[in-house]
Amino acid sequence: MLRDPSTKYRAFPQVPLVNRQWPARTLSQPPIWCSVDLRDGNQALAVPMNVSQKLELFDALVRCGFKEIEIGFPSASNTEFAFNRRLIDDGRIPDHVTIQCLVQAREDLIERTFESLVGAKNVIVHLYNSVSPAQRRVVFGLEKPEIIKLAVRGATWVQQRVAALEAGGTRVTLQYSPESFSLTELEFSREISEAVMDVWQPTPERKMILNLPDTVQIAGPNVYADQIEWMVTHLKNRESLVISLHTHNDRGTGTAATELGLMAGADRVEGTLFGNGERTGNLDIVNVAMNLYMQGIDPRLDFSDLNALREVYERCTGMSVPPRQPYAGELVFTAFSGSHQDAIKKGLNEWEKGGRSHWDVPYLTIDPADLGREYREVIRVNSQSGKGGVAYLLESEFGIELPKELQREFGPLANDEVDRLGREVSAAELQAMFWKEYIDRTSPCELHHFHVDGVDGVFRCRASVLMEGKEVKIEGDGNGPIAAFVTALVHHARVPAFTVATFKQQSLSAGTEASALAFIQIKTNDERHIWGAGVDTNIELASIKAVISAVNRAATRPTSPAGAPPPTTAPLPT
Ligand code: KIV
Ligand code: ZN
């Protein structure tokens, strides 16, 4: 890179806009959408789509609700021409959908384009030519007046063919794009656009579309908005025009430029699904539509099964949606960080309880379910995760509701294990870790037999346990089965004295092998608080097993200062 980039590059000039209006406006309704996936998106593929891939993507676009779809450049290749004919001849275009075709200002190409459209119900014929200083200089070698002549000639050839097509029952709308508009002197863009308008003679009843492309982005989105506002306020006969935006994404600001362009007065937006298109892509229409949606505005496009749409898109184009792509990426509703997981879990719980009118869940701008994505996707666990994510997965996948304090104990243990594995772990792996740490503990003590009788609130337990492999018969009284068992264990099995500090139980959902899960926290005589857990079809036995689990864990865990679990891990990152 250059030490002084100003020796090679320069800032794009500001637009001399007096009384600029757009910054104070807010969007309150969706624009007219036009998908250019099958033309601009297709043009940018190393291997363009074949007819059947284009048909599949066309059907998906119709299902999303696009009413205007640029289906191709029919004069450019036989495949493109054949695709038009296939759509029309097989009656695959719903009556409410208008197909659009792009063409350059050449008579033979215009003729072929009109041929490809015979028999369609609604069409947009889209004429374009490049107008920027660099294009005029290096591509055409023409001065401004010749470039205007070229556009006017093209517009005339188009105009001459409209009546014949309409005579066959086709409704024709005309569209003109001064390509590279955003790099062009505004006065010249206005002049050439008005010259085309003079040929086509649009009226408020029969408007033409004036598409103002940000073909290559070299300035900020505010500059594009200024250019749009300048055009909207300087063009003659504005009420006979549909002003359309067509942004690319060279500076990563395709979405911003479109949104500001709409605030500046545009009516229509062209773009592609997930931003496929030349270089850094076209505008990602899903992004702008969902940005409106999350502001409470119905975008009138339906992305409620975004995963399915993404699959069709990837299959047809051979492209893949990056994992961080807004709304659609695999990871956008996933939190790895512990503090994020915790906040999301609390926010989702609050939302599910009801009582809040509007979505306000930390770190989730919209409800993933609105896009057909699942809450399950929201939280995944890796070494960056904390107790929140672990608890969420155990609860959402297996219905295991860990008590808060047990979450604090098990979270770091799971985290250490995940850190050791050095990869993300599944909910099933977490459950296995929990079972290994709590449920499957049989050493030094294992329950062999348990019986309890209660008379007048006094319970007598008779049990036998294996202590380091040797059977020991034990007996004890208490005010409940657990208390009786604790007495028996401490008096006859030489287990160091302890008391039960917390007891919780839950049932596990049908279909699992065991039906009851008990959690018990004991306090040892050296003041440690240790959790145990037990599972059984019998709730009483589940709690007895939980006592044994805690006793076994106390026997194997090093002594630590009062109340605090032994340190197992570094503090979790936020
Ligand atoms: O990016 C562009 O300028 C285009 C035009 C043909 C509209 O795709
Ligand atoms: Zn384009």
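Residues numbered from 1 in each chain as written. Chains lettered and ligands numbered in written order. Predicted model: local features only at pLDDT ≥ 70, side-chain atom pairs only at ≥ 80, totals over all residues. Heavy atoms only, no water.

1. So, the pattern of salt bridges
At step 1: Per the counting criterion, the structure on display carries 34 salt bridges.
At step 2: Residue Glu187 pairs with Arg190 through a salt bridge whose shortest N-O separation is 3.2 Å. With a gap of 3 residues between them, Glu187 and Arg190 both fall in helix α7 (residues 186-200), about one helical turn apart.
At step 3: Exposure remark for Arg190: the relative accessible area of 22% places this residue in the partly exposed category.
At step 4: Among the salt bridges present, the one from Arg420 reaches Glu417, with a minimum N-O distance of 2.8 Å. Of the two residues, Arg420 and Glu417 are both situated in helix α14 (residues 404-421); the distance of 3 residues between them amounts to about one turn of the helix.
At step 5: What makes Arg420 exposed here is its relative accessible area of 59%.
At step 6: Given a relative accessible area of 26%, Glu417 falls into the partly exposed group.
At step 7: The structure contains a network of salt bridges with shared partners spanning Glu409, Glu437, Arg441 and Arg553. (Salt bridge = Lys/Arg side-chain N within 4 Å of Asp/Glu carboxyl O. Helix = DSSP H or I, 4+ residues; strand = E, 2+ residues; numbered from the N terminus. Buried < 20%, exposed > 50% of the residue type's maximum accessible area, 1.4 Å probe, protein only.)

2. Some words on the site of ligand 1
At step 1: Neighbouring residues of ligand 1: Arg39, Asp40, His126, Tyr128, Ser177, Glu179, Asn211, Pro213, Thr215, His246 and His248.
At step 2: One of the side-chain nitrogen or oxygen atoms of Thr215 is found 2.6 Å away from an oxygen atom of ligand 1.
At step 3: In the model, an oxygen atom of ligand 1 is placed 3.0 Å from a nitrogen or oxygen of the His248 side chain.
At step 4: Surface burial for ligand 1 is 95%, taken as the share of its 260 Å² of free accessible area covered by protein chains.
At step 5: Mapped onto the shell around ligand 1, the elements with two or more residues apiece are α1 (37-43), β4 (122-130), β5 (171-179) and β6 (208-214).
At step 6: In terms of residue class, the shell around ligand 1 is built from 2 nonpolar, 6 polar and 3 charged. (Near = heavy atom within 4 Å. Polar contact = N/O pair within 3.5 Å; in protein donor to acceptor, adjacent residues only side chain to side chain. Areas by Shrake-Rupley, 256 points an atom, 1.4 Å probe, with all protein chains shown as cover. Nonpolar A, V, L, I, M, F, W, Y, C, P; charged D, E, K, R; others polar.)

3. Some points on the domain arrangement of the protein
At step 1: Structurally, the protein comprises domain 1 (29-317), domain 2 (338-439) and domain 3 (445-556).
At step 2: One C-alpha centre belongs to domain 2, the other to domain 3, and the line joining them spans 29 Å.
At step 3: The interface is formed by 15 residues belonging to domain 2 together with 15 residues belonging to domain 3.
At step 4: When domain 2 packs against domain 3, close to 1,100 Å² is buried across both sides, 61% of that on carbon and sulfur atoms.
At step 5: Run the count over domain 2 and domain 3 and you get 7 residue pairs in polar contact (both at pLDDT 80 or more).
At step 6: Where the side of domain 2 that touches domain 3 is concerned, the elements lending two or more residues are α14 and α15 (427-439).
At step 7: In terms of residue count, the dominant contributor to the side of domain 2 that touches domain 3 is α15 (5 residues). (Domains from an automatic or database assignment. Contact = heavy atoms within 4.5 Å. Buried area = accessible area lost by both parts, 1.4 Å probe.)

4. Remarks on helix α8 (residues 221-234)
An α-helix turns once per 3.6 residues; consequently, residues spaced three or four apart project the same way.
At step 1: Taking 1.5 Å per residue as the helical rise, α8 with its 14 residues ought to reach 20 Å, and the 20 Å between its terminal C-alpha atoms agrees with that figure.
At step 2: Of all 14 residues making up α8, 11 are buried, and the element is well covered by its neighbours.
At step 3: Turning to α8, its buried residues number three or more, namely Pro221, Val223, Tyr224, Ala225, Asp226, Gln227, Ile228, Glu229, Trp230, Met231 and Val232.
At step 4: In the core, the buried residues of α8 are packed alongside α7, β6, β7 (241-247) and α9 (254-263). (Expected span 1.5 Å × (residues − 1).)

5. Remarks on the coordination of the zinc ion (ligand 2)
At step 1: Distances from the zinc ion (ligand 2) to its protein donors, namely Asp40 (OD), His246 (NE2) and His248 (NE2), fall within the range 2.0 to 2.2 Å.
At step 2: In primary-sequence terms, the residues that donate to the zinc ion (ligand 2) follow D-x205-H-x1-H. Of the two residues, Asp40 sits in helix α1 while His246 sits in strand β7, which places them 206 residues apart along the sequence.
At step 3: According to the relative accessible area criterion, Asp40 is buried, its value standing at 4%. (Donors = N, O, S within 2.8 Å, 3.2 Å for Na, K, Ca; no water.)

6. Concerning the packing of α7 against α8
At step 1: Their axes nearest at 11 Å, the elements α7 and α8 cross at an angle of 45 degrees. Taken together, the axes of α7 and α8 lie oblique to each other. For the crossing formed where α7 meets α8, the hand is right-handed. Residue-level inspection shows Leu186, Glu187, Ser189, Arg190, Ser193 and Glu194 of α7 in contact with α8, the latter providing Gln227, Trp230, Met231 and His234.
At step 2: Residue composition of the contact of α7 with α8, by class: 3 nonpolar, 4 polar and 3 charged. (Axes fitted to C-alpha atoms, helices over the stretch in contact; angles between N-to-C directions. Parallel < 35°, antiparallel > 145°, perpendicular 65-115°, else oblique. Left-handed = near helix turned anticlockwise from the far one by under 90°.)

7. Some details on the packing of aromatic side chains
At step 1: Applying the stated rule across the entire model yields 9 aromatic pairs.
At step 2: Geometrically, the ring pair formed by Phe181 and Tyr224 is edge-to-face, given 6.5 Å between the ring centres and 75 degrees between the ring planes. You can see Phe181 sitting in the loop between β5 and α7 and its partner Tyr224 sitting in helix α8, a full 43 residues away along the chain. Each member of the pair Phe181 and Tyr224 is classed as buried.
At step 3: Note on Phe434 and Trp435: the rings are 6.0 Å apart at their centroids and 55 degrees apart in plane angle, and the pair reads as tilted. (Phe/Tyr/Trp six-rings, centres within 6.5 Å; stacked < 30°, edge-to-face > 60°.)

8. Observations regarding empty space enclosed by the protein
If you roll a probe as big as a water molecule over the atoms, it shows you where there is empty space left.
At step 1: All chains considered together, the criterion is met by 1 cavity of 30 Å³ or more.
At step 2: Put simply, the largest cavity is a space of about 50 Å³.
At step 3: Here the lining of the largest cavity takes 3 residues from α8, the largest share from any one element.
At step 4: Per-class residue counts for the lining of the largest cavity are 7 nonpolar, 3 polar and 1 charged. (1 Å grid on protein atoms, 1.4 Å probe; cavity = no way out; pocket = protein on both sides within 12 Å on 5 of 7 lines; lining within 4 Å. Points joined across faces, edges and corners; volume = space filled by probe spheres on them.)

9. Re the nonpolar core
At step 1: Membership of the largest hydrophobic core comes to 131 residues, with the highest contact counts inside it found for Phe58, Tyr176, Leu273, Phe303 and Phe410.
At step 2: Per-element accounting of this core gives the leading share, 9 residues, to helix α6 (residues 144-167).
At step 3: Those residues in contact with Phe410 that sit more than four places away from it in its chain are Val390, Leu394, Leu402, Leu430, Met433, Phe434 and Tyr438.
At step 4: One finds Phe450, Ala488, Ile520 and Ala542 within the second-largest nonpolar core, a separate group that totals 30 residues. (Core = buried A, V, L, I, M, F, W, Y, C linked by side-chain atoms within 4.5 Å.)

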